[in-house]
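Coordinates in review
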Amino acid sequence: MAMEWITAIDKRPCDRNLRDCELISCRLRRVEPLCRLPGSALQQLAMCGFYEDLEKGVTLFRAGEQGRYWYAVLGGQLEVRYHAADTKDGKLSVTLCNLGVGATFGESILHDLPRDSTVVTKTTCELLRVEQQDFRLIFEKNKELMNDIITNCRLKNGFGQSMQTTSTVQTNVQQQPSPTKKQLSPDHPNPAAPITEIPSPAMSRMGWALRTLLVSDNTSCLKDRKVGGKFIRKCAPGTELVEWLLNLSPIVHTRTQAAGMWQALLEEGVLCHVAKEQPFKDKCFLYRFKSDEDGTAGGAPTSDDVNHANEHIREALPALLHRGPDATLRMILRKPSHERTQEELELVYEELLHIAALSHLSTSIKRELASIIVFEAHAHAGTVLFNQGDEGRSWYILLKGSVDVVIHGKGTVATLKEGDDFGKLALINDAPRYTVMSGTPQKMLEHLLETRLGGQAGPNDPFLDDFLLTHIVFMPTPLLIDELAANYHADADIDLRQASEEDQEYFLTSKRRVVQFIQRWVLAVRHAVFDDPLAVEFIEELATDVEAEPALQEEASIIHHVLTQLSRYQEDRQMNATQKWKLPPNGQPICLFSGNTHSKTVIRPDDDIIFRVYCADHTYCTLRFPMATTAEVIKACAADKLQIARLPEDLLLVEVKSSGERVVFKDNDVSVPTALSLNGRIFVSPKDHLDALTPLPEQEVPTEAPDVDFEALSTKDVAYHMTLFDWDLFWAVHEYELLYHTFGRHHFNKITSNLDVFIRRFNEIQYWVVTEIVSTTNLTKRMSLVKKFIKLAAFCKEYQNLNAFFAIVMGLSNTAVSRLSMTWDKLPSKFRKLFTEYEALIDPSRNHRAYRMSVGKLQPPVIPFMPLLLKDMTFAHEGNKTSLDGLVNFEKMHMMAQTMRAVRFCRSRHLVLDPPSPKNENEIRNYIRCFRTIDNQRVLNSMSQKVEPRRS
């Protein structure tokens, strides 16, 4: 789906068809606040909007320029900058705010006004760009909603009525004005009070719509009541408001969801407890709308009001539902510790698991924090949290917004963003260890050897592990070996008989640290060390030298243990030296052609693989090469065998997918056969004949697979054998392959074949689900098959095979399956409900928050959702430079290592499952290794239309 919408929006507006606009609208509907716009407005944006994919540091426009476009942020962050008056040092550039996903800007084009600020991309960004003429038309047709969105965005980012104040505070930072000092809040803020001074336009509008429907319904719970001798107009008990909201819309499933939605209105001041003493509770406490409290509600609603309210609720209720969980969390965090229930503490704890600033803390400490952590909101820019020199009272973690750090005489020295923390140094006696942010490779290694070995590192200090997992990016192994050798032989030019005792101890300590480094290196990356001849040679030399030194007895024991591991690894390599693979011709996955088939098998660079290469007329040749062979060598050999009389530089090696898409391999690409998509084929072609390449006829039909009746097999047995098979594939993936995949294999000249095979497995399972369902013409059998796949997902989840779980659920969510309304209508409600829960678990919103919270509670062994781990690696890579001013950006390396550690954690225990009945064991084992699949979405959609034609 992601690739489809990008393909659609990459087209020029005049070239888009109705399907393209549907895909783009669907993507825009997932962006708050664009989701509030009616379908017609989103369709217009989809018809005329341009897609911008920009690198960090791109200036979209400057202050004073005449505007031509309006923008909406789909991904990344931008800075809005203001240039203050000239100072003696020139113009002072001040960052007014950061714009994140969902922000809109550039509306000055409505009035032909020049830009009042400069906007620059802060990270890699995705934007929707709309030309002035088109934006004016859309704005006029949806004036009220567009005004709401624009106003809300300006208020959210500190503009609107407070713009002048914000600007004054920001531009006078260096003159050290005296902004309003923050009133010291009580230790526990009042959870019944709103967190904003005025409600946002969207929440005001939602409050009006809900009140209008409540008042217009004579049987509703909103009534005039006498409370404690006082007459209270238009109030209702919390329990009845929850019941009413549950009956209002089918998207509200539970009382908890409904209560969270009312709390979202209460925290913005749209709703309030009649005595201002309670947050929203699903109890008999009375609540009323603020407009009834202050007398601004007006008379009875007209029929037009009711119609508008109904229409607005249909469009905007999902957004309120989305706000509910966050509002509930904020309410809990504003309650005193003793009032938080066990369920509430668990909810807070789950949220703390995903705050980076707390990642180094133990589980027990996070659980203690859940009872004492407090929420604060500061609506005005320029609020002082504490002054330089004040006694420290609190530790802060930024959930949203930004904070400037100002030092007397220096002005703003840093801007802290979402996820950053500050204030903890003043709360403890001993400051935490200085964290390495950047440095040269040599200096970082030197610092590491001096401070992180010999028991000096703390238990939660990741620097050494980060270095070991990522050094191949910035310090290749030959350079690392040279530096280690220099440290070990620091006494080479010294006469030790004349050296002082201190010097002799220093040299011995250097040797010990190098040996300990080798031990930790092997522990961290395992056989990757032994695969490098230089590293092996250094270890063997080290062993000889350590044995000859009486003072290094302990180190001799360490190095002997490393040598034992090396010996075992080399024996294993020797056993599998004859290992050969083949890529079957009819779309099946790679399999062993010869070698040991009874153990976990790792694909190695020098393993041979047999595969076919085709040319434009679909004739082919069969080649056999080591896995690490480059695309350049393959194309030259294939061209020679196929008698294509062209020079190598005039040839291309290409993958042709079943959809007809062509992907050109770089000449220095390796592991080419395993890099193919699910039903792709390798072609060689002259550059000027690329357009002549077409898919093979067999790419249009399902891949070959064992002829087995899936419905006749035990679902649990299938899940069991799938999990064992997937575990072996996952076990073979080395953490380094994630780095090779992210930075590019050609940069390291290393294969990613094991990772390729594991990723292919995800796609294979996903399209197997779709293929089986759309191939079943009988409605009852098709419903039964959908039910079986939902049960299979449940068993995979139980076995913690989350990669297969995601693949199955995503297969069931594929448009070719989700459109089969007759099939889904026939499905028992129990399974529909279960599938809805599973869809919520794979929901990608808020960076897959639901999945991350779920997997955070699991203990290994786990087969994780690999595409998300690769996405995390890609975001860390593309959003951060590898070097800054000639120094290694070690913060980036830390982010990369965090993901690699997640992979290591998932398999830190062996997989042990209770085996099911041995019935059909061999049949199932053969079946799950190779599924029947079609990966061409066009073909799948066509098959879907045939089994259930579109209703007219």
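So, here's what we can say about the structure.

The next subject is the sheet that holds strand β17 (residues 438-439). Ordered in space as β17-β26-β25, the three strands form an open sheet in which the pairing is antiparallel. Edge positions in the sheet fall to β17 and β25 (883-884), since each of these pairs with one other strand and no more. In the sheet, β17 pairs with strand β26 (residues 887-889) via two bridges, with the strands oriented antiparallel. Along β26, the bridge assignment pairs Ser438 with Asn889.

A few words on the packing of aromatic side chains. Evaluated as defined, the whole model comprises 39 aromatic pairs. Ring geometry for Trp727 against Trp731: centres 5.8 Å apart, planes inclined by 40°, an arrangement best described as tilted. Of this pair, Trp727 and Trp731 both sit in helix α22 (residues 715-732), four residues apart, roughly one helical turn. Residue Trp727 is classed as buried on the basis of its relative accessible area, which comes to 4%. In textbook terms, an aromatic cluster arises when at least three aromatic residues are bridged by ring pairs, as seen for Phe463, Phe467, Phe474, Phe517, Trp521 and Phe890. Over the ring of Tyr69 we find Arg129, and its NZ or CZ is 4.5 Å from the ring centre. Over the ring of Phe875 we find Lys871; its NZ or CZ atom is 5.4 Å from the centre of that ring.

Moving on to helix α20 (residues 553-575). Taking 1.5 Å as the rise per residue, α20 with 23 residues should run 33 Å; its terminal C-alpha atoms sit 33 Å apart, in good agreement. Among all positions in α20, only Glu555, Ala556, Ile558, Ile559, Val562, Leu566 and Tyr569 are buried. Of the surrounding elements, those touching the buried residues of α20 are α17 (501-525), α18 (527-530) and α19 (533-547).

Time to look at the sheet that holds strand β12 (residues 286-289). If you trace the four strands from one edge of the open sheet to the other, you get β9-β10-β12-β11, paired in antiparallel fashion. Every interior strand has two partners, whereas the edge strands, β9 (223-227) and β11 (271-273), have only one. For this sheet, the mean inter-axis angle between neighbouring strands, taken without regard to orientation, is 60°. With four bridges connecting them, β9 and strand β10 (residues 230-237) associate as antiparallel partners. The residue bridging Val227 from the neighbouring strand is Lys230, located in β10. In this fold helix α7 (residues 201-216) packs onto β10 and β12, with an angle of close to 110° to the strand it touches most, β12. The sheet contacts of helix α9 (residues 255-267) involve β11 and β12, and relative to β11 the element is tilted by about 95°.

Okay, the pattern of salt bridges next. Enumeration according to the criterion identifies 43 salt bridges in this entry. Note that Arg330 is salt-bridged to Glu267, the shortest N-O span being 2.6 Å. Taken together, the residues span a long stretch of sequence, with Arg330 in helix α11 (residues 303-333) and Glu267 in helix α9 at a distance of 63 residues. Note on Glu267: relative accessible area 4%, which makes it buried. Here the salt bridges share partners, and the residues they tie into one network are Lys276, Arg288, Lys290, Glu293 and Asp294.

A few words now on the nonpolar core. Judged by nonpolar contacts, the single largest core of 158 residues is most densely connected at Phe517 and Trp521. Among the elements that make up this core, the one with the highest residue count is helix α25 (residues 753-774) (eleven residues). If near-sequence neighbours (up to four positions away) are discounted, Phe517 is found in contact with Leu445, Leu448, Leu449, Leu453, Leu464, Phe467, Leu468, Leu480 and Leu484. Ranked by size, the runner-up nonpolar core spans 34 residues in total, among them Leu210, Leu214, Val270 and Leu271.

The rules behind these values
Residues numbered from 1 in each chain as written. Predicted model: local features only at pLDDT ≥ 70, side-chain atom pairs only at ≥ 80, totals over all residues. Heavy atoms only, no water. Pairing = 2+ DSSP bridges. Helix = DSSP H or I, 4+ residues; strand = E, 2+ residues; numbered from the N terminus. Phe/Tyr/Trp six-rings, centres within 6.5 Å; stacked < 30°, edge-to-face > 60°. Buried < 20%, exposed > 50% of the residue type's maximum accessible area, 1.4 Å probe, protein only. Lys NZ or Arg CZ within 6 Å of the ring centre and 35° of its normal. Expected span 1.5 Å × (residues − 1). Contact = heavy atoms within 4.5 Å. Axes fitted to C-alpha atoms, helices over the stretch in contact; angles between N-to-C directions. Salt bridge = Lys/Arg side-chain N within 4 Å of Asp/Glu carboxyl O. Core = buried A, V, L, I, M, F, W, Y, C linked by side-chain atoms within 4.5 Å.

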